[in-house]
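# Structure at a glance
Letter by letter, the chains look like this.
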Amino acid sequence: MPTDVIMPQMGESIVEGTITQWLKKPGDRVEKDEPLFEISTDKVDAEIPSPIAGTLAEIRIAAGATVAINTVVGQIAGEDEAPAAPEAPAASEGVEVVMPQMGESIVEGTITKWLKQPGDKVEKDEPLFEISTDKVDAEIPSPVSGTLTEIRTGVGQTVAINTVVALIGGVAGAAPAVHAPAAAHHLPTPVLTIPEPEEDAQLAGRRLRSSPLVRRIARENQLDLRQVAGSGSGGRITKEDVLRHLHDYGPGNANPPQPAASKLPGELVPLTKMRSIIAQRMVESKRIAPHVHTVYKIDMTRVAQLRANERANFEKRHGVKLTYMPFIAAATVEALRRFPILNASLEGDAGAASIRYHRNINLGIAVALDWGLIVPVVREAEARSFSNLAKTINDLAARSRAKKLMPDETAGSTFTLTNSGVFGGEYGTPVINQPESAILAIGGLRKEPVVLTDKDGNDSIAIRSMQYYCLGFDHRLIDGADSGKFMTILKHVLEHWDKPLD
């Protein structure tokens, strides 16, 4: 029997994922653990490996679709199995195009515009019609290439999901009607919100509104869509725009026109899925937890000098650069050991709540991406050496940016570090990463004149490396005294560093 490929759970609170790219196509050979498709959730973008070696027999969920965890998205025929040959479409009917389901709670949709008329040729993934629901307006792509032979639902009509709204004939080969992007359990991609394949990575810095067909034409012609001026609504790049550009300038990016501005004044740009979920989580955290913040200024001179002296040897011994983050992580672990309430979580309703004291210290390390923010987790940080912390933090950050994180690497954090000072800020007042009870924001490191007092009470002015640290905490669990004691330990460890770097 073929093996089902399912949408994995990318964290405890994640209930769905969006397929952004298939790395294999039906009929392709695939090895066990070889990357099979890419997904995006509110916390992580990742490549998902194949569960077995064999042949990709079927893709059930197309790129752009958002589905619940454990949904079967494809099937792989094992070493001794041949993928079943698809049935040919009925000559008299052609391929059915159905009203898609645009979300779990959506039961109907209204056709607002047909972009093709009976007799028109249509390419696979080319926008075919537009729909409106109570939650979204979207262009629906054609599931196949062929000729639009019949429109069954007119403009302005509202029909239930799965209703056949049109037929496409003249389709060569298999009929993908059951698994087309317009099927009931699929979501079409109305705009490009995440760079799709690797060759589209140059789009990451700018949100481009375009159809799958336009992106395919661009890929086939090695064209950077940022060079194409969009004439559609909100700067959307149409098929005509990209074909006109290719006619005028040819394939590739030679002699391109000046790129259009990435955001037009007055333009309404929808949130990406990741940005939308982050927004929901931040509002939820502020609503649930009474946030309090306390700011400490810490003298990092000892750590800065040690780092300057040891960085070359450390990189030679351990193969990673020596940054400030493992020093801060190790100091945080020490402070959390002394004051475990900051590593705890509140469980249950306010009237009958309990405090969960976590067995381990699982440090979340916030990583900024071009398309959002994710928090990979250093598990059991209390059991790790300094060099292991450095290696793990470096590895998680690198794989976060390369979309290589495993599903469980963004779940289960008990305390989070966020480096807001990396962009030059003095300090930030962070929002707690639920269900944690505290979060530590790291400010910018600067040399400043500081008054020092020696053991005899004599004052002097010296140039020191100073850094602000802001602790955000849930006042339901943590009082100001506990937060102050925690920060005092953190400050002492960093200012009087005496730990080995191995």
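Use the structure listed above.
First, a word on what this report is: a plain description of the structure on this page. Position numbers for residues start from 1 in each chain and track the written sequence from start to end. A pLDDT threshold of at least 70 governs which residues receive local features in this predicted model, and a stricter bar of 80 or more applies before side-chain atom pairs are shown or counted, although totals over entire chains, interfaces and linings include all residues. The side-chain values count all of the structure's non-hydrogen atoms but skip hydrogen atoms and water molecules.

### Focus on the sheet that holds strand S11 (residues 121-122)
Working definition: the strands of a sheet are paired by backbone hydrogen bonds and lie parallel or antiparallel to each other. Heads up, the rule is: For two strands to be treated as a pair, DSSP must find no fewer than two bridges joining them. Numbering goes from the N terminus for both helices and strands, where a helix is a DSSP run of H or I of at least four residues and a strand is a run of E of at least two.
The strand order across the open sheet formed by 4 strands is S9-S16-S14-S11, and the pairing between neighbours is antiparallel. In this open sheet, the two edge strands, each paired with only one partner strand, are strand S9 (95-98) and S11. Of the pairings in the sheet, the one linking strand S14 (residues 146-151) to strand S16 (residues 164-169) comprises 4 bridges and is antiparallel in character. Among the inter-strand pairings, Thr147 is bridged to a residue of S16, identified as Gly169.

### Examining the packing of helix H5 (residues 325-338) against helix H7 (residues 480-495)
We count it as follows: Under this scheme, a helix contributes an axis fitted over its contacting stretch, all axes are lines through C-alpha atoms, and angles between N-to-C directions fall in the 0 to 180 degree range. Any angle between 65 and 115 degrees counts as roughly perpendicular, while under 35 counts as roughly parallel, over 145 as roughly antiparallel, and the rest as oblique. A clockwise turn of the near helix away from the far one marks a right-handed crossing, whereas an anticlockwise turn of less than a right angle marks a left-handed crossing. The criterion used for residue contact is that any of the two residues' heavy atoms lie within 4.5 Å.
Across the interface, H5 lies against H7 with an axial gap of 9 Å and an inter-helix angle of 140 degrees. Here H5 is positioned oblique relative to H7, judged by the angle of their axes. In the packing of H5 onto H7, the handedness of the crossing is right-handed. Contacts between H5 and H7 involve Phe327, Ile328, Ala331, Thr332, Glu334, Ala335, Leu336 and Arg338 from the former and Phe486, Ile489, Leu490, Val493 and Leu494 from the latter.

### What about the pattern of salt bridges?
Definition in use: Just to be clear on terms, a salt bridge is a Lys or Arg side-chain nitrogen sitting within 4 Å of an Asp or Glu carboxyl oxygen.
For the coordinates displayed, the defined rule picks out 19 salt bridges. Residue Lys124 is joined to Asp125 by a salt bridge in which the shortest nitrogen-to-oxygen separation is 3.7 Å. With a shortest N-O distance of 2.9 Å, Arg399 and Asp395 are connected by a salt bridge. Pair noted here: Arg399 and Asp395 are both in helix H6 (residues 386-401), with a separation of 4 residues, about one helical turn. Each of Glu334, Arg337 and Lys499 takes part in salt bridges that share partners, so that together they form one network.

### Things to note about the sheet that holds strand S23 (residues 377-378)
Read from one edge to the other, the open sheet built from 6 strands follows the order S17-S26-S25-S24-S20-S23, with strand pairing classed as mixed. Every other strand in the sheet has two partners, leaving strand S17 (291-299) and S23 as the edge strands with one partner each. Pairing analysis gives 3 bridges linking strand S20 (residues 363-365) to strand S24 (residues 415-418), with the strands arranged parallel. Its bridge partner being in S24, Ile365 is matched across the sheet by Leu417.

Geometry only, nothing functional implied.
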